[in-house]
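Here's the letter readout for the chains.
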Amino acid sequence: MKFQATRELIVRTCIELADRGYLAATGGNVALLADQEHFAITPSATDYYAMSAADVCVLRLSDQRQVEGEREASVEAGLHAKILSARSDCGACIHTHQPIASAYTLLAKPLEVRDRAREALLGRSIPCVGYSPSGTALLARRVARAARPDTHAYLMRNHGAVCIGKDVTEAMTRVAALESECASFFLMRTRARSGELDQSVRALVIQTLRPLLGDALTRFDDVITSESKKAS
Amino acid sequence: MIDEVVDLLRNDEARLRAGALFGDPGDSLSLRIPGREEFLFVTPERCDPTTFLFETTGLESADLHAKIYRSRKDAGGVLIGQTPWSTALASIGARVPTLFDEQARHIGSAGKPIALGRHAQLWRALEDGRNVAIYGDRRICIGTTPNRVVFNAELFEKCAKAFVIAHAGGDGIRKLPAWVRHIAGARLRKDQKRAALSYALGRMPEGMDGYF
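Scoring rules and cut-offs
- Residues numbered from 1 in each chain as written.
- Chains lettered and ligands numbered in written order.
- Predicted model: local features only at pLDDT ≥ 70, side-chain atom pairs only at ≥ 80, totals over all residues.
- Helix = DSSP H or I, 4+ residues; strand = E, 2+ residues; numbered from the N terminus.
- Rg over C-alpha atoms; globule rule 2.2 N^0.38 Å.
- Buried ≥ 20, exposed ≤ 12 C-beta atoms within 10 Å, placed from the backbone.
- Contact = placed C-beta atoms within 7 Å.
- Expected span 1.5 Å × (residues − 1).
- Pairing = 2+ DSSP bridges.
- Axes fitted to C-alpha atoms, helices over the stretch in contact; angles between N-to-C directions.
- Arc of directions from axis to C-beta.
- Right-handed = clockwise from strand over helix to strand, strands pointing away.
- Nonpolar A, V, L, I, M, F, W, Y, C, P; charged D, E, K, R; others polar.
- pLDDT = per-residue confidence, 0-100.
- Core = buried A, V, L, I, M, F, W, Y, C linked by C-beta atoms within 7 Å.
- Left-handed = near helix turned anticlockwise from the far one by under 90°.

Engineer: Describe the overall build of chain B, with residues and values.
Structural biologist: Per the secondary structure count, chain B includes 7 helices and 6 strands. A compact globule built from 212 residues should have a C-alpha radius of gyration of about 17 Å, and chain B, at 16 Å, falls within 12% of that. Overall size of chain B, expressed as C-alpha extent along the three principal axes, is 50 × 35 × 35 Å. Across the 212 residues in chain B, those meeting the buried criterion constitute 53%. When contacts within chain B are restricted to residue pairs at least 6 apart in sequence, long-range pairs at least 24 apart make up 61% of them.

Listed below in structure tokens is the structure:
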């Protein structure tokens, strides 16, 4: 089997992403550069817990012609190819349906990254590209057009996110950082709406978001406090 | 065939448990046995799969499953139970919007939460082809195959979580364009017809696991 190590790495990455709840059902996909001319990508319509390295497809970067793999490649192969071509410094491209970032895509606006550590990982402002159906050339073009050297995550309206990195570890770190930044945004908003929201719903949301913040929580508490002072 | 369905049910149960989508008191899961007017049924307390007839179960928690199989010829699996997000949807009480492509394609509209005891409303919703309904604070989740019921449960959990969190944030939420919902809905109904035909022929439907 050609590119065995890369294909096995994709299998392990997908299981990790699925365990963390970043891939709902068969949604989301992962692509890694296999060499200068090829990339490996998850197959279409596959249960990630049942996927093997032989299922992982290898495509030519230039025209997305499949050269290896027993299954049909993900419908988002074009999206991954365009991003990997646009960002030649990156070897990994992860498209997730991670729930908090997916919630943020419903707002159809860029995400301003307020936490410094996460800004270093993701970039200052994460663009949200307009809606296009999954798997279409239009979606691929929109994301590729949004690609910038200093921005390492992209949101797709009513869909999900794409995070890139020089390798899979860096891209995974960015997936987690993006979820964390979106959690920070919603936590601040939800806390500010104490009188307007059903209390049980508010408590559930806060209880869900808080653990996603890690040590950034203190910094956001500071932001909330200063904003409250300004408001009062 | 029954042994095969038992294995599938155990796989579904294990995966749903691992994702915290099954396992609380009041949860129940079942799979249709192709070619027979029967289904296999488990609850967290009743771990050994029990076979019930569609016509009568003699068990209150299985009755709703039986009625779904009688009225939905495409239903290959049914999951009923509460999650924190289904409870939150019931508390919000508003129509659950269709927000994502795959939600439109595999679940369809979940409509407004239905108050417990409003049987006629529930049946109208399910007979309309919905694969998810919020009934009381529980979600009823239907799939055309053993895999699909798990995928739909995972998918709906993500959609519910995303919607509740975005709703709590208070900003305007953008829905999926109507034309996308229309096309995806037509594909879903086509899948449901194919599944009903397969079950009528005594076969497990194939090709239902895809994203599109």
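Read on for the rest.
Engineer: Provide a residue-level description of helix H7 (residues 178-200) of chain B, including the pertinent values.
Structural biologist: All names here are of chain B. With 23 residues, H7 ought to run about 33 Å at 1.5 Å a step, and its terminal C-alpha atoms sit 33 Å apart, in line with that. Residues of H7 that are buried: Val180, Ala184, Leu188, Asp191, Gln192, Ala195, Ser198 and Tyr199. Contact partners of the buried residues in H7: strand S1 (28-32) and helix H4 (101-106).

Engineer: Describe in detail the sheet that holds strand S9 (residues 153-156) of chain A, supporting the description with residues and values.
Structural biologist: Residue and element names in this part refer to chain A. Judged by pairing direction, the sheet is mixed, and its 8 strands sit side by side in the order S4-S3-S2-S1-S5-S10-S9-S8 without closing on themselves. Pairing within the sheet leaves two strands with one partner each, and these edge strands are strand S4 (66-68) and strand S8 (128-129). Strand direction decides the pairing type here: strand S1 (residues 29-33) and strand S5 (residues 92-96), joined by 4 bridges, are antiparallel. Paired with leucine 32 across the two strands is alanine 92, which belongs to S5. Helix-sheet contacts for helix H5 (residues 137-146) involve S8, S9 and strand S10 (160-165), and the interaxial angle to S9 is about 145°. Along the sheet, helix H6 (residues 168-191) contacts S1, S5, S9 and S10; its crossing angle with S10, the most-contacted strand, is approximately 140°.

Engineer: Would you mind going over H5 of chain A in detail, with residue names and values included?
Structural biologist: Along an α-helix, a turn takes 3.6 residues, which lines up residues three or four apart on a common side. All names here are of chain A. If you check which residues of H5 are buried, you get Leu139, Arg142, Val143 and Ala146. End-on view of H5: buried residues confined to an arc of 95°, all on one side of the axis. Exposed side chains of H5 directed beyond 90 degrees from the buried face belong to Ala137 and Arg145.

Engineer: A description of the pairing of S9 of chain A should follow, citing residues and the corresponding values.
Structural biologist: Residue and element names in this part refer to chain A. Neither face of S9 is open: one carries Ala153 and Leu155, the other Tyr154 and Met156, and all of them are buried. The pairing of S8 with S9 spans 2 bridges and is classified as parallel. Along S9, the bridge assignment pairs valine 129 with methionine 156. The parallel pair S8 and S9, bridged by H5, forms a crossover whose chirality is right-handed.

Engineer: Please give an account of the sheet that holds S1 of chain B that cites residues and values.
Structural biologist: Residues and elements named next belong to chain B. Across the sheet, 6 strands lie side by side as S3-S2-S1-S4-S6-S5; this open sheet has antiparallel pairing. Only two strands of the sheet have a single neighbouring strand rather than two, namely strand S3 (50-53) and strand S5 (132-135). For this sheet the average axis-to-axis angle between neighbouring strands, irrespective of direction, equals 20°. Helix H6 (residues 146-169) contacts S1, strand S4 (77-81), S5 and strand S6 (138-143) of the sheet and is inclined by roughly 140° relative to S6.

Engineer: Got a sec to walk through the interface of chain B and chain A? Specific residues and values, please.
Structural biologist: Across the boundary between the two partners, chain B contributes 31 residues, which contact 35 residues of chain A. Of all the secondary-structure elements, those providing two or more residues to the side of chain B that touches chain A are helix H3 (84-92), H4 and H6 of chain B. Within the side of chain B that touches chain A, the residues separate by chemical class into 18 nonpolar, 5 polar and 8 charged.

Engineer: Run through the confidence of the model for chain A, naming residues and quoting values.
Structural biologist: Overall, the predicted model of chain A reaches an average pLDDT of 90, with 92% of residues at or above 70. Predicted confidence is poor over residues 215-232 of chain A, with pLDDT under 50, and the contacts of this stretch with residues over four places away or in other chains come to 15 contacts.

Engineer: I'd like to hear about the nonpolar core, residue by residue, with values.
Structural biologist: Grouped together as the largest cluster of nonpolar side chains are 133 residues, with contacts concentrated most on Ala40 and Phe186 of chain A. Take this core: its biggest share by element is 14 residues, from H6 of chain B. Not counting residues within four places of it along the chain, the set of residues in contact with alanine 40 of chain A comprises Phe3, Thr6, Arg7, Ile10, Ala31, Leu32, Ala34, Val56, Cys57 and Val58 of chain A.

Engineer: Could you give an account of the packing of helix H7 (residues 199-209) of chain A against H3 of chain B, naming the residues involved and the relevant values?
Structural biologist: In the contact formed by H7 of chain A and H3 of chain B, the axes pass within 9 Å of each other and the chain directions differ by 145°. In this structure, H7 of chain A meets H3 of chain B at a crossing whose hand is left-handed. The residues of H3 of chain B that touch H7 of chain A, namely those facing Ser200, Val201 and Leu204 of chain A, are Pro84, Ala88, Ser91 and Ile92 of chain B. Among the residues forming the contact of H7 of chain A with H3 of chain B, the class breakdown is 5 nonpolar, 2 polar and no charged.

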